[in-house]
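# Examination of the molecular architecture
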Amino acid sequence: MLKQAAILVGGRGTRLGPLTDDMPKPLLPVGGRPFLGHLVDELARQGIDDILLLAGYRGDRMESFCTEMQRPGLRLRCVTEPEPAGTGGALRLVADLLDAQFLLLNGDTLFDINLNDFASPPLPSDGSVVARMALRWVPDTARYGAITLESGRVTAMNEKERTGEGLINGGLYLFDRRVIDRLPPLPCSIETGLLPRLAMEGAVEGRVYDRFFLDIGVPDDFALGQNAIPANRRRKAAFFDRDGVLNEDIGFAHRPDQITWMPGAREAVKRLNDAGFLVFVVTNQGGVARGLYSEEHVRTLHRWMQQELRAVGAHVDAFYHCPHHPDHGAPPYRTDCNCRKPEPGMLLQAMAEWPVEPKGSFLIGDRDTDVQAAQRAGIEGTLYRGGDLNAVVAGILARMA
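Note that this is a predicted model, so its numbers are computed, not measured.

### Section: the pairing of strand S8 (residues 131–138)
Burial runs high along S8: seven of the eight residues are buried. Bridge analysis of S8 against strand S11 (residues 166–176) gives seven bridges, and the strand direction is antiparallel. Pairing of Trp-137 across the sheet is with Leu-167, part of S11. Where S8 lies against strand S12 (residues 204–208), five bridges are found, and the strand directions are parallel. Paired with Ala-134 across the bridge in S12 is Arg-207.

### Considerations on the packing of helix H7 (residues 265–274) against helix H11 (residues 389–400)
Contact pair H7 / H11: the axes reach a minimum separation of 7 Å and the direction vectors enclose 30°. The pairing of H7 with H11 is recorded here as roughly parallel in orientation. Taking contact as the criterion, the partners of Ala-265, Glu-267, Ala-268, Arg-271 and Leu-272 in H7 are, on H11, Leu-389, Asn-390, Val-393, Ala-394 and Leu-397. Broken down by class, the residue content of the contact of H7 with H11 amounts to seven nonpolar, one polar and two charged.

### Considerations on the environment of Asp-366
Structurally, Asp-366 is set in the loop between strand S17 (362–365) and helix H10 (368–377). It is 4.9 Å that separates the C-alpha atoms of Asp-366 and Tyr-384, two residues lying 18 residues apart in sequence. In contact with Asp-366, other than residues within four places in its own chain, are Asp-241, Asp-243, Gly-244, Val-245, Leu-383 and Tyr-384.

### A closer look at empty space enclosed by the protein
Per the counting criterion, the structure on display carries two cavities of 30 Å³ or more. Roughly 100 Å³ of internal volume is contained in the largest cavity. Taken together, 15 residues line the largest cavity, and the ones lying closest to its centre are Leu-39, Leu-105, Leu-110, Phe-111 and Leu-172. Partitioning the lining of the largest cavity into residue classes produces eight nonpolar, five polar and two charged. By volume, the second largest cavity is sized at about 60 Å³. Lining the second largest cavity are Arg-45, Gln-46, Asp-112, Ile-113, Asn-114, Arg-211, Arg-235, Asn-273, Gly-276, Phe-277 and His-315. Its residues placed into classes, the lining of the second largest cavity shows two nonpolar, five polar and four charged.

Cut-off values and rules
- Residues numbered from 1 in each chain as written.
- Predicted model: local features only at pLDDT ≥ 70, side-chain atom pairs only at ≥ 80, totals over all residues.
- Heavy atoms only, no water.
- Buried < 20%, exposed > 50% of the residue type's maximum accessible area, 1.4 Å probe, protein only.
- Helix = DSSP H or I, 4+ residues; strand = E, 2+ residues; numbered from the N terminus.
- Pairing = 2+ DSSP bridges.
- Axes fitted to C-alpha atoms, helices over the stretch in contact; angles between N-to-C directions.
- Parallel < 35°, antiparallel > 145°, perpendicular 65-115°, else oblique.
- Contact = heavy atoms within 4.5 Å.
- Nonpolar A, V, L, I, M, F, W, Y, C, P; charged D, E, K, R; others polar.
- 1 Å grid on protein atoms, 1.4 Å probe; cavity = no way out; pocket = protein on both sides within 12 Å on 5 of 7 lines; lining within 4 Å.
- Points joined across faces, edges and corners; volume = space filled by probe spheres on them.

Remember, this is a structural readout, not a statement about activity or role.
Listed below in structure tokens is the structure:
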């Protein structure tokens, strides 16, 4: 399972003029916070929790950012080049820190794609393909350079200034660590020195995504990002009840061996990830109050479910559970709470902790109490009566379009 990303943050960004006189371009404020903060948050949201910052210009500022962004569950490290050696040199410097496969991102570009989909399946173990590139269709490739894609392989990376519509490099890659052995002599650029050579050898896959994309490297797009990036962070959300919706309801399931996924459940989560929705699980777990299992059992099961989802290119942004029951157990679990459905507490908590846009958000549950919780939280509720959950979600999305 992919867990690691490296971000290229060593450039100064001369096209932005005096803005970068004392500040690395990725640390410039966009929407009230460093642009790089948006990238780190997006990686962590999708389960990439080991992040390397490959720094150069004003590496001291990048070190400070790294310290400020640390939080539980996130491993964030900064490695600063002693002398500039291009993006290839930055990558070679951290060769011993890299996993067998890892993401590489440009630190001045945000490409809002499902990273778990992009990383699935892994690159082949035989080394025949050592890179995968995220691509986007644009009306004019002149600023970026056009990419030629044939049968899923990048066959050419054309020079900038060629006008007309086409595919561009989205600044997001999946690399096999063995790619470092293919780097040309330093100093070198990954984009101009390594990838074109690999493309000629047929060793680069390409995946096309039609999602939000912004490169803040020029003044106009930097200005555009001040509103566009915060707006893009605010997302519709899909809430799922767990037992009876994502997995068969056998009564008080709390171990992986008790879980049988409902038809189309994992595919439904992936469909929503691909569409840019936040995805949450909100589940009553009164078995905790009854003493049948502990909250740690619930959390352990949810971690296992997350692994199962990521294996098919999907993920849940957060799991919420209510351990209470009004009639069973002892305090603090025996209580009338505001989180046990039909009360909306779990949904409202998710809406407070995440940038949820209520309009267009929805819940799928198998009981009337689930739908009531959705209505009380101000979103649509759909009653699921079995069948292909992916088809149910597809119908909801089609109705919203």
